[in-house]
Amino acid sequence: MLRYTHESMPKCRARLSLIGFLCVFIGNSPAWSQVAVHYINVGQAAAALVEFDSGLIMIDAGGEATSDQPSGEVYRQHLIDYTNGVFAKHPAWNKTIEGLIISHPHIDHTMLIMDVLKNFTVHTLVDNGAECGSGMPDLKKARAWATQNHISYLAIRDASIHAAGYPVHLLENPGPDAPQVLLLSGGRGCLNPNNDSITVRIVTKEASILFAGDAESEDTGASKCPVSLAKCVPEMSMLETRYGNTDLLKADLYLEAHHGSPNGFTPEFLSAVAPSISVISAGDPLRAGPEQFHGYEYGHPRDIAVNELIKDTTGTRTPPVAASVFSAANTATSKNVTPPKTVSIDKAVYCTCWDGDIKVAYAAGSHEPTVTTDSFRPPVKPQDLPKKKATTKSKP
């Protein structure tokens, strides 16, 4: 079994080994890698950078739904600061993001898109062509910005996806060894926008990487969208049917769909992915305010989703992490308050809610990644902590 060992950034970079691990102290000078994936802690949301030796792409630019509130503003600034930190290692790139892919128009995937466009140069904007969703105001602004600033724009509808996926060429210097960016799904006009997520597969000589947006195992929900929408086959099932007889779902590195939600997986889907490393992007387990839409409210990550990830993730992590997981949501209508419970995880399952920012880097020609975390977790103000206490059941 492959074992991953990590320390906090930037003190230690640990290298996976089939026979053990080596921890090399490198100070502030990161080792060059062929591909590195940065899962940025933006609260109950998603944003990731994929760093190649030839350029950078971003997948989703979300922020916690309270990022426009004082206690959420820290995530907005953190995304910009973190991205600037990556660019600081590559001054020749002139702060250019080769491709910005938005999986679907929900606010936790689009909220910070204009911050990205205004602070960095983006060559290509990719989305699913949808016209409805909580994140559409931001996405419409981004589309207009792309037109005004002569940025290439691609609207990926599912009808354009081939049996072998849809390749997009975002990086310069294409060649036989160049990274491949393949889109496995696009917009289908679903009542549930999560099931319109663009699933992204990235392949280099070193690793295969999969992002499934907020794909779900069910298709529920109503829409006030003026555009005609329909009930869809849940995206998890659609992907299993479309690619189940191929290796296109198999990934060394996988971002769990829908923030570790109980409807963000199926056992069959995770069995097909069979990742060495799994990552969840979710919010602080003790942030319950201001307003709504936090990991605490949704109960993310959920224990059944985490347990399934543990089952199907092949790598391990040393030392184990003390992880907060939920057994239920804590919505305004919840009859009971369910605080997170702490479990020990020694499989290579990471979460921005436990680990802060997460970087998984593969050196050129190596299949043995380095995993680093920085424990970035903004303090939660007292007024934003959970207000209700769990009710203690009396003994019979």
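Residues numbered from 1 in each chain as written. Predicted model: local features only at pLDDT ≥ 70, side-chain atom pairs only at ≥ 80, totals over all residues. Heavy atoms only, no water.

Visitor: Could you clarify how one ought to interpret the pattern of salt bridges in this entry?
Guide: If you walk through the whole model with that rule in mind, you get twelve salt bridges. Between Asp284 and Arg377 there is a salt bridge, with the nearest N and O atoms lying 2.7 Å from each other. Taken as a pair, Asp284 in the loop between β15 (277-280) and α7 (295-298) and Arg377 in the segment after β20 (370-373) lie far apart in primary sequence, 93 residues in all. The partly exposed category is assigned to Arg377, whose relative accessible area is 42%. Here the salt bridges do not stand alone but share partners, grouping Glu64, Arg287 and Asp384 into one network. (Salt bridge = Lys/Arg side-chain N within 4 Å of Asp/Glu carboxyl O. Helix = DSSP H or I, 4+ residues; strand = E, 2+ residues; numbered from the N terminus. Buried < 20%, exposed > 50% of the residue type's maximum accessible area, 1.4 Å probe, protein only.)

Visitor: What exactly am I supposed to notice about the packing of aromatic side chains here?
Guide: Two measures describe an aromatic ring pair: the distance that separates the ring centres and the angle between the ring planes. In total, this model carries five aromatic pairs according to the counting rule given. When the centroid spacing of 6.1 Å and the interplanar angle of 55° are considered together, the rings of Tyr254 and Phe269 count as tilted. Here Tyr254, found in strand β14 (residues 253-255), pairs with Phe269, found in helix α6 (residues 267-273); they are 15 residues apart in sequence, far enough to count as distant. Taken together, a centroid distance of 5.9 Å and an interplanar angle of 80° make the contact between Tyr296 and Phe326 edge-to-face. Note that Tyr296 is positioned in helix α7 and Phe326 in the loop between β16 (316-325) and β17 (341-347), a separation of 30 residues in sequence. In terms of burial, Tyr296 and Phe326 fall into one category: buried. (Phe/Tyr/Trp six-rings, centres within 6.5 Å; stacked < 30°, edge-to-face > 60°.)

Visitor: How should the environment of Val181 be read in this particular structure?
Guide: Locating Val181 in the fold gives a position in strand β11 (residues 180-183). With near-sequence residues (within four places) excluded, Val181 lies in contact with Ile57, Ile101, Tyr166, Pro167, Val168, Leu170, Val200, Arg201 and Ile202. (Contact = heavy atoms within 4.5 Å.)

Visitor: Honestly, the pairing of strand β4 (residues 35-39) in this entry has me stumped. Any pointers?
Guide: Side chains on a regular strand alternate between the two faces of the sheet. Judged by how many residues are buried, β4 sits mostly within the fold: five of five residues are covered. In β4, alternate side chains face the same way, and those of Val35, Val37 and Tyr39 on one face and Ala36 and His38 on the other are all buried. When β4 meets strand β5 (residues 47-52), the two strands line up antiparallel, connected through five bridges. In the strand pairing of β5, Val35 is matched with Phe52. In terms of strand pairing, β4 meets strand β19 (residues 358-362) through five bridges, oriented antiparallel. Note that in β19 the partner of His38 across the bridge is Lys359. (Pairing = 2+ DSSP bridges.)

Visitor: When you look at the sheet that holds β15 in this model, what are you seeing that I'm missing?
Guide: Two strands in a sheet stick together by hydrogen bonds in their backbones, pointing the same way (parallel) or opposite ways (antiparallel). In space, the seven strands of this open sheet follow the order β10-β11-β12-β13-β14-β15-β18, with mixed pairing throughout. Whereas interior strands pair on both sides, the edge strands pair on one side only; in this sheet they are β10 (166-168) and β18 (349-351). Between one strand and the next, the sheet's axes are offset by a mean angle of 20°, whatever the strand orientation. Examined bridge by bridge, β10 and β11 share three bridges and lie antiparallel to one another. Across the sheet, residue Tyr166 finds its bridge partner in β11, namely Leu183. Set on the sheet, helix α8 (residues 303-312) makes contact with β14, β15 and β18; between it and β15 the angle comes to about 165°. (Axes fitted to C-alpha atoms, helices over the stretch in contact; angles between N-to-C directions.)

Visitor: Any chance you could explain the nonpolar core here in plain terms?
Guide: Where a protein is soluble and globular, its nonpolar side chains tend to be buried together. By size, the foremost hydrophobic cluster in this structure holds 64 residues, and its most contacted members are Tyr39, Ile202, Phe211, Tyr254 and Trp354. The leading source of residues in this core is helix α5 (residues 235-243), at four residues. Among all residues touching Tyr254, those that are not within four sequence positions of it are Leu210, Ala212, Met236, Phe269, Leu270, Val273, Pro275, Ile277, Ser278, Val279 and Leu309. Counting residues in hydrophobic clusters, the runner-up holds 31 residues, among them Ala45, Phe87, Trp93 and Phe120. (Core = buried A, V, L, I, M, F, W, Y, C linked by side-chain atoms within 4.5 Å.)

Visitor: What's the story with the state of the cysteines in this structure? I'm lost.
Guide: Disulfides are covalent bonds that connect the sulfur atoms of two cysteines. Under the definition given, this model contains three disulfides. The disulfide bridge from Cys351 ends at Cys353, spanning 2.2 Å between sulfur atoms. Here the S-S torsion is close to 115°, and the disulfide linking Cys351 with Cys353 is therefore right-handed. For the pair formed by Cys351 and Cys353, the shared burial category is buried. (Disulfide = S-S within 2.5 Å.)

Visitor: Which parts of the structure should I look at to understand α5?
Guide: Since there are 3.6 residues in each turn of an α-helix, residues three or four apart along the chain are aligned in direction. Among the residues of α5, Glu235, Met236, Met238, Leu239 and Tyr243 are the ones counted as buried. Relative to the axis of α5, the buried residues are bounded by an arc of 160° and lie together on one face. For α5, the elements touching its buried residues are β14 and α6. (Arc of directions from axis to C-beta.)

Visitor: Help me out: how do you make sense of the environment of Ile310 in this one?
Guide: With respect to the secondary-structure elements, Ile310 resides in helix α8. Assessed through its relative accessible area of 24%, Ile310 is described here as partly exposed. The spatial distance from the C-alpha of Ile310 to the C-alpha of Ile277 is 9.8 Å, given a sequence separation of 33 residues. Excluding its chain neighbours within four sequence positions, the residues that come into contact with Ile310 are Ile345, Lys347 and Val349.

Visitor: Please explain unusual backbone geometry as it appears in this structure.
Guide: Keep in mind that most residues, glycine aside, have a negative phi and that most peptide bonds are trans. In this structure, Pro290 follows Gly289 across a cis peptide bond, with omega equal to 5°. Within the secondary structure, Pro290 is located in the loop between β15 and α7. Here His300 and Pro301 are connected by a cis peptide whose omega angle stands at -5°. With respect to the helices and strands, the residue Pro301 is situated in the loop between α7 and α8. The phi torsion at Asp60 lies on the positive side, around 70°, for a residue other than glycine. Take Asp60: it is sitting in strand β6 (residues 55-61). A positive phi angle, near 55°, is found at His150, a position not held by glycine. As for its position among the elements, His150 is in the loop between α4 (136-148) and β9 (152-155).

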